[in-house]
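Descriptive structure summary
Here is what each chain is made of, one letter per residue.
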Amino acid sequence: MSLHDERTLRLIYPQWQGAGRDNVAALLPEIPMEYGRRGYAVGSRVLEAILPPHQGPTATVSVSAEESGVTEGVESRAEITRALSDAVEKLEPLRAGAVDRVLTLGGECSVSVAPFAALAQRYGDDLAVVWLDAHPDTDTQDTAYNGYHAMAVSMLTGHGDPSIAESLPATVDAQKVALVGLHDWEPDAYENVARWGLRAFSPEHLRETSAQLLEWLAHTGATKVAIHLDVDVIDSREAAWGLGRVPDGLTKDQVNRIIQDLQENADVVGLTIAEFIPREVLEVQQFVGELTQR
């Protein structure tokens, strides 16, 4: 897989509203809310800045600067829905065959929904999804947490809010989605993992070898894979890159090995890097902001 060639669409998706406001306040107390609330948007821009120059097309999803309360079980529903529609439009080159792959730089976890749905429309049953994440992201509008980023797998597999799902070009069969590194969850969301037929691998399943995951992939029959990487899947004692500090996850070396093994056994047509909160950059942003306002 090349992430920088002319056949890859680079999608910048700085969505931040999917994380519940109260959740951000609880997990990022050291950063004032006016800066921390949009930390995911800053994270996407940092990722864009540090990657090598891109030879292919780049598109940026239009994300509102506003947020709103909970409507029908989803916080900031209107803002999220508008961004989703724009993302689907920006992904037209992928659906039309002008490009073959998509690299998405987020933003919170829901930024994978549109590109992976576009890949599903393009490749059909030949696509499997590997969701590297400490959490299952299988909440719905009926579960306790209203943050849309925790509903990403639900939306992608056709179990999410029907009115939001109308924007998606396709969904992915739950039996072709593997949750990798799963070890932190709320009971009401976790129940959906078995109910929908998702395959889950804890960090302990994959610490020494990727064999169980590769066996699952072979069983799906898919030759193409989309990989979602939520940085909180990495043990927070080694790298606290996500919003929450989740210990006992995979190491960076283990994540690299898993992705490399997937590349060697399938055509990786999608990669998302999500949930990056650059704490030190936010501190600098606060400092510079206050300095220039004097």
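In the nomenclature of an unreviewed UniProt entry, the chain is known as Arginase of Corynebacterium lowii. Reading the Sequence similarities (unreviewed entry) entry of the UniProt record for the chain gives the comment "Belongs to the arginase family."

**Observations regarding the sheet that holds strand β7 (residues 177-180)**
Strand pairing in a sheet takes place through backbone hydrogen bonds and is either antiparallel or parallel in direction. Spatial ordering of the open sheet is given by β2-β1-β5-β10-β9-β6-β7-β8, a layout of 8 strands whose pairing is parallel. One side of each edge strand has no neighbouring strand; the edge strands of this open sheet are β2 (58-60) and β8 (199-201). Averaged over all pairs of adjacent strands, the angle between their axes in this sheet comes to 15 degrees, without regard to strand direction. As paired strands, strand β1 (residues 8-13) and β2 are joined by 3 bridges and run parallel to one another. Pairing of R10 across the sheet is with T58, part of β2. Together, β1 and β2 form the strand contacts of helix α4 (residues 77-90), whose direction differs from that of β1 by roughly 165 degrees.

**Here we look at the pattern of salt bridges**
Applying the stated criterion across every chain, the model contains 18 salt bridges. The partner of R95 in a salt bridge is E92, with the nearest N and O atoms 2.5 Å apart. Here E92 and R95 lie together in helix α5 (residues 92-96), a separation of 3 residues that amounts to about one turn. Taking the relative accessible area as the measure of exposure, E92 reaches 36% and is therefore partly exposed. In this structure, the salt-bridge partner of D267 is R101, at a minimum N-O distance of 2.9 Å. In this pair, D267 sits in strand β10 (residues 267-274) while R101 sits in strand β5 (residues 101-106), placing the two residues 166 residues apart along the sequence.

**A short note on the pairing of β5**
Burial analysis of β5 places 6 of its 6 residues in the buried class, which makes it a mostly covered element. Residues R101, L103 and L105 line one face of β5 and the alternating positions V102, T104 and G106 line the opposite face, and both faces are buried. The pairing of β5 with β10 spans 4 bridges and is classified as parallel. The residue of β10 that forms the bridge with L103 is L271.

Criteria and cut-off values
- Residues numbered from 1 in each chain as written.
- Predicted model: local features only at pLDDT ≥ 70, side-chain atom pairs only at ≥ 80, totals over all residues.
- Heavy atoms only, no water.
- UniProt positions renumbered as here; feature names shortened; annotations may be inferred.
- Pairing = 2+ DSSP bridges.
- Helix = DSSP H or I, 4+ residues; strand = E, 2+ residues; numbered from the N terminus.
- Axes fitted to C-alpha atoms, helices over the stretch in contact; angles between N-to-C directions.
- Contact = heavy atoms within 4.5 Å.
- Salt bridge = Lys/Arg side-chain N within 4 Å of Asp/Glu carboxyl O.
- Buried < 20%, exposed > 50% of the residue type's maximum accessible area, 1.4 Å probe, protein only.

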